[in-house]
Amino acid sequence: MLITKKIREFTGTYDDWYIAANVLAKQLELDNNKKQKEKDELEAFVRRFSANASKAKQATSRQRKLDKLELEDIKPSSRRDPSIVFKAKRQMGDEALELRNISHSYGDNEVLKDVTLKFEPGEKVALIGANGVGKSTLLKIMMEEMKPSEGELTWGATIENSYFPQDTADIIEGDGTLYDWLRAHDPKRDIAEIRNCLGRMLFNGEQQEKGVVSISGGEKHRMMLSKMMLEGGNFLVLDEPSNHLDLEAIVALGEGLLEFKGNVICVSHDRELLDAFASRIIELHADGSITDFKGSYEEYAELKSKQ
Ligand SMILES: Nc1ncnc2c1ncn2[C@@H]1O[C@H](COP(=O)(O)OP(=O)(O)OP(=O)(O)O)[C@@H](O)[C@H]1O
Ligand SMILES: [Mg+2]
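Summary of the structure given here.

**A closer look at the coordination of the magnesium ion (ligand 2)**
Every protein donor of the magnesium ion (ligand 2) is listed here as S136 (OG) and Q166 (OE1), and their distances to the metal cover 2.0 Å. Residue S136 is located in helix α4 (residues 135-142), and its partner Q166 is located in the loop between β5 (161-164) and α5 (178-184); the two are separated by 30 residues in the primary sequence.

Right, dumping it as structure tokens:
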């Protein structure tokens, strides 16, 4: 595991070490939750199909996989409240998002070529690809911030999306404090709830009174996540949210996305984050084509390493 290596190579004070160890415990717990989910699904499959002749082979192979799954021995009592919690206000129906034949060019630069994708309710997708291939363009088209050169898209009627753009600099601005900025998005919201969302992103009372103008890139990202928690959308669209975040916040974000009962599409280069939540990987390529892989990032990376 990558995180173990990071901690092994760690050269900090005892206090730093203690914090890092906590992050590791959290990561293990997260792995554990993922494995437990997989175990439950495998068990359900085996239960359902072991008596069914046409599915017997699949049931046996899943039973074998199940036998191999081991849960780390972590006591549930060690569980801390995650600091990033996304809760959808509205339950979604059976349609999430569909893109049909989307193409986009900036002048002569053809970035997306005939992209057709369907996202089912509850899917957690990692959108990956080299710098400049068009990931942000695709998200902006999804968010209807810009119109594609060709193609169309349909959001499910029950979807309330919530967007974390790649560039938070122009969005988080103004004369007010952090608290004012967040409150302005939802003036009717309970003060304690707003303070709680900022607190979860580790802004203490005094920092919440800081001016928005004075905050760093990392703090802007934490602010954006606070805003998303408050919004309570059922479909989260995130463009490189882990840039400028420290390891603890990335682990918390991975946990938040994994636990979230809704859809996620997240662009990131951070393996730790992608490993944590994604169950479908979409890679954009420089020629405008895509690879659509159903599985975890780890499985996708393994597959690619064999090619
Ligand atoms: N408004 C624009 N006008 C012209 N060209 C643009 C515009 N926005 C993006 N591009 C170009 O389109 C291509 C795709 O950009 P985009 O930002 O979508 O890629 P990305 O995959 O998000 O990149 P990164 O990993 O750097 O965030 C790039 O070549 C970029 O230079
Ligand atoms: Mg981008």
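**Thoughts on the sheet that holds strand β1 (residues 97-106)**
Strand order in the open sheet formed by three strands is β2-β1-β4, with antiparallel pairing between adjacent strands. Each end of this open sheet is capped by a strand with a single partner; those strands are β2 (109-119) and β4 (150-155). Each strand of the sheet is rotated relative to its neighbour by a mean of 20°, with strand direction disregarded. Direction of pairing for β1 relative to β4: antiparallel, over a ladder of five bridges. Directly across from E98, in β4, lies its bridge partner T154. In the packing of α4 onto the sheet, the strands contacted are β1, β2 and β4, and the crossing angle to β1 comes to about 125°.

**Here we look at the site of ligand 1**
Neighbouring ligand 1 are 13 residues; G132, K135, S136, T137 and Q166 lie closest to it. A distance of 3.2 Å separates an oxygen atom of ligand 1 from a polar atom in the side chain of N131. Measuring from an oxygen atom of ligand 1, one finds a side-chain N or O atom of Q166 at 2.9 Å. Against a free-state accessible area of 630 Å², the protein chains account for coverage of 60% of ligand 1. Looking at the shell around ligand 1, the elements that each hand over two or more residues are β2 and α4. Counting residues per element, the shell around ligand 1 draws most heavily on α4, which supplies three residues.

What counts, and at which threshold
- Residues numbered from 1 in each chain as written.
- Chains lettered and ligands numbered in written order.
- Predicted model: local features only at pLDDT ≥ 70, side-chain atom pairs only at ≥ 80, totals over all residues.
- Heavy atoms only, no water.
- Donors = N, O, S within 2.8 Å, 3.2 Å for Na, K, Ca; no water.
- Helix = DSSP H or I, 4+ residues; strand = E, 2+ residues; numbered from the N terminus.
- Pairing = 2+ DSSP bridges.
- Axes fitted to C-alpha atoms, helices over the stretch in contact; angles between N-to-C directions.
- Contact = heavy atoms within 4.5 Å.
- Near = heavy atom within 4 Å.
- Polar contact = N/O pair within 3.5 Å; in protein donor to acceptor, adjacent residues only side chain to side chain.
- Areas by Shrake-Rupley, 256 points an atom, 1.4 Å probe, with all protein chains shown as cover.

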